[in-house]
Amino acid sequence: MNVLPALRVPEELSARVPAEQRGSGRDDVRLLVSRGTGVTHHAFRELPGQLRAGDVLVVNTSATLPAAVSGRLGPEPGGEPIVVHFSTRGDDGRWAVELRSPRRDSGGGTTLPRAGGPAGAVVRLPGGEHLVLDEPLAPGGSRLWWARVSYADVPRLLSRHGRPIRYGYTDRDQPLSAYQTVFARPSPDGAGSAEMPSAGRPFTARLVAELRSRGVRFAPITLHTGVASAEAHEPPYPERFEVPRSTALLVNAVTAGEGRIIAVGTTAVRALESAAGQDGVVRAATGWTDLVITPRRGVRVVDGLLTGLHEPEASHLLMLAAIAGRAALTRGYEEAVRGLYLWHEFGDVHLLLPAETVHGSHC
């Protein structure tokens, strides 16, 4: 479902390099603020002035993995060149993977889509390792497949031979550090995200300290993101998450008072809402979530959202419409195109808040 069917985002609005390579630092991006259908324009460094003491920012602590690995299809030398995107580790030790074709004209690590399979296909990996495709992740699917990897410690394999997943709108490969947020923490088991939880990318240690000094609190969750469908814009599939008890207690206390729960990224929304009961109470939770948030389902806990700018076809926009309403979302995105905001993981950000009287903002 296309939430914004009339919106067209010019190709030149794709952010092709990280903000620190365009300007003075990670936080040198723009901030579009939507309060209902009211829109104001800011620098991201002005975020503290847009929040209130008592607000809680829910942040994803998942670290980004170097999830792209080059290989060859088939058990013998000389097979078809392949790039494997390692997406999600299953409970049985298998990994969901996406096979891509390298672009020879890209001058780097960008890829083209290709169908996965067939079952039993072997992909040779660096270091003498290999994987074998078992079955599609979803019945009838072709993009993501469950695979058995010969080397049990896949995170270590990735650290030795992998690189960050890169999409075609970017200019060049970037180091893994460019894909880590200030909130990222290594998991004891080496798990992480195939793609960066990018809404947290513009935050710096200095900005976090300023927000805390103003009475804004931070609540961590973890959701390990899988490989998005860059071309087909499929709905999200199950992902591993954890909402710790301390976060549940803080969110419930703030919800009972006058503070607001503001998620940093769609991943934080998915995790937090997965831990919330129909009564709106958040409970500590860990495991897998297949929750897809739509306007019909709505949200039970989240009051606002800080997120990047998504393509009009992206399924994430259903979540944004559930939080802010379709009218606010449409107005905000029209203003983002008109104002030449930058899209994608290295681009500008959008703060969606409930409608209220605006204090200290400017147009």
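Here the structure is a predicted model, which means the values were calculated and not measured. Every chain begins its residue count from 1, and numbering advances along the sequence as written. Local features in this predicted model are restricted to residues whose pLDDT is 70 or higher, and side-chain atom pairs enter the listing and the counts only when it is 80 or higher, whereas totals over whole chains, interfaces and linings include all residues. Based on all heavy atoms of the structure, the side-chain values leave hydrogens and waters out of the count.

(A) Fine view of the overall build of the chain. Put simply, DSSP marks the helices as runs of H or I at least four residues long and the strands as runs of E at least two long, and each gets a number from the N terminus on. In terms of helices and strands, the chain carries eight helices and 16 strands. For the radius of gyration, the atom set is restricted to C-alpha positions; the globular benchmark scales as 2.2 Å times the number of residues to the power 0.38. The C-alpha atoms of the chain give 20 Å as radius of gyration, which agrees with the globular expectation for 363 residues (21 Å, within 12%). Counting only C-alpha atoms, the chain reaches 65 × 45 × 40 Å along its principal axes. Summing over all exposed atoms, the chain offers an accessible surface of approximately 15,400 Å²; the carbon and sulfur share of this is 52%. Positive residues here are Lys and Arg, negative ones are Asp and Glu, while His and the chain termini are left out of the count. A charged residue contributes its charge at one atom only: NZ of Lys, CZ of Arg, CG of Asp or CD of Glu. Here the chain carries 40 positive and 38 negative side-chain charges, and the mean point of each set is 2 Å from the other. Areas reported as accessible are Shrake-Rupley estimates using a 1.4 Å probe. Residue values count occlusion only from the protein chains shown.

(B) Here's a closer look at helix α3 (residues 154–161). To sort residues, take the accessible area from a 1.4 Å probe on protein chains only and compare it with the maximum for the residue type: under 20% means buried, over 50% means exposed, and anything in between is partly exposed. Among the residues of α3, those classed as buried are V154, P155, L157 and L158. Seen end-on, α3 carries its buried residues on one side only, within an arc spanning 160 degrees. For α3, the exposed residues lying more than 90 degrees away from the buried face are S159 and R160. Residues of α3 that are buried make contact with β4 (68–73), β5 (81–89), β6 (95–102) and β10 (144–149). The directions considered for the arc are those from the helix axis to the C-beta atoms. Here, two residues are considered to be in contact whenever any of their heavy atoms come within 4.5 Å of each other.

(C) Molecular detail of the side chain of E335. Relative to the helices and strands, E335 resides in helix α8 (residues 326–338). In this structure E335 comes out as buried when scored by relative accessible area, which is 15%. In this view, E335 contacts L32, V39, H41 and Y341; residues no more than four positions away in its chain are not counted.

(D) Spatial organisation of the side chain of Q174. Assignment of secondary structure puts Q174 in the loop between α3 and α4 (205–213). For the purposes of these results, a polar contact is taken to be a pair of N or O atoms within 3.5 Å, where, inside protein, one atom must be able to donate a hydrogen and its partner to accept one; residues adjacent in sequence count only when each atom of the pair is a side-chain atom. Within polar-contact distance, the side chain of Q174 engages the side chain of Q21 at 2.7 Å. Not counting the four nearest positions on each side in its chain, Q174 is found in contact with V17, P18, Q21, P164, Y179 and F346.

(E) Up close: unusual backbone geometry. Cis geometry marks the peptide bond from G117 to P118; its omega dihedral reads 0 degrees. With a phi close to 60 degrees, L340 is a non-glycine residue in the positive phi region. Since its relative accessible area comes to 57%, L340 is described here as exposed. Phi at H344 is positive, roughly 80 degrees, even though this residue is not glycine. Its place among the elements puts H344 in the loop between α8 and β16 (349–353). Overall, the relative accessible area of 15% leaves H344 in the buried class.

(F) Just the environment of A336, in detail. Within the secondary structure, A336 sits in helix α8. In this structure, the C-alpha to C-alpha distance between A336 and L31, residues 305 residues apart in sequence, is 9.7 Å. Here A336 is in contact with L32, L309, Y341 and W343, once residues within four sequence places are set aside.

(G) View of the packing of helix α7 (residues 316–324) against α8. Lines fitted to C-alpha atoms define the axes here, with helix axes fitted over just the stretch in contact, and angles between the N-to-C directions of these axes take values from 0 to 180 degrees. Two elements in contact, α7 and α8, have axes whose closest approach is 7 Å; the angle formed by their N-to-C orientations is 115 degrees. Residues L317, L320, A321 and A324 of α7 lie in contact with α8, whose contacting residues are R326, A328, L329 and Y333. Per-class residue counts for the contact of α7 with α8 are seven nonpolar, no polar and one charged. Put simply, Ala, Val, Leu, Ile, Met, Phe, Trp, Tyr, Cys and Pro go in the nonpolar bin, Asp, Glu, Lys and Arg in the charged bin, and everything else, Gly too, in the polar bin.

(H) Molecular detail of the pattern of salt bridges. Salt bridges, as used here, are contacts in which a Lys or Arg side-chain nitrogen is within 4 Å of a carboxyl oxygen on Asp or Glu. Summed over all chains, the structure comprises 21 salt bridges. E11 serves as the salt-bridge partner of R16, at 3.9 Å between the closest nitrogen and oxygen. R16 sits in the partly exposed class, given a relative accessible area of 26%. Judged by relative accessible area, which is 61%, E11 ranks as exposed. The closest approach of N and O atoms between E239 and R270, which form a salt bridge, is 2.6 Å. Placement of the pair is E239 in strand β12 (residues 239–243) and R270 in helix α6 (residues 266–274), with a sequence separation of 31 residues. A single burial state applies to E239 and to R270, both of which are buried.

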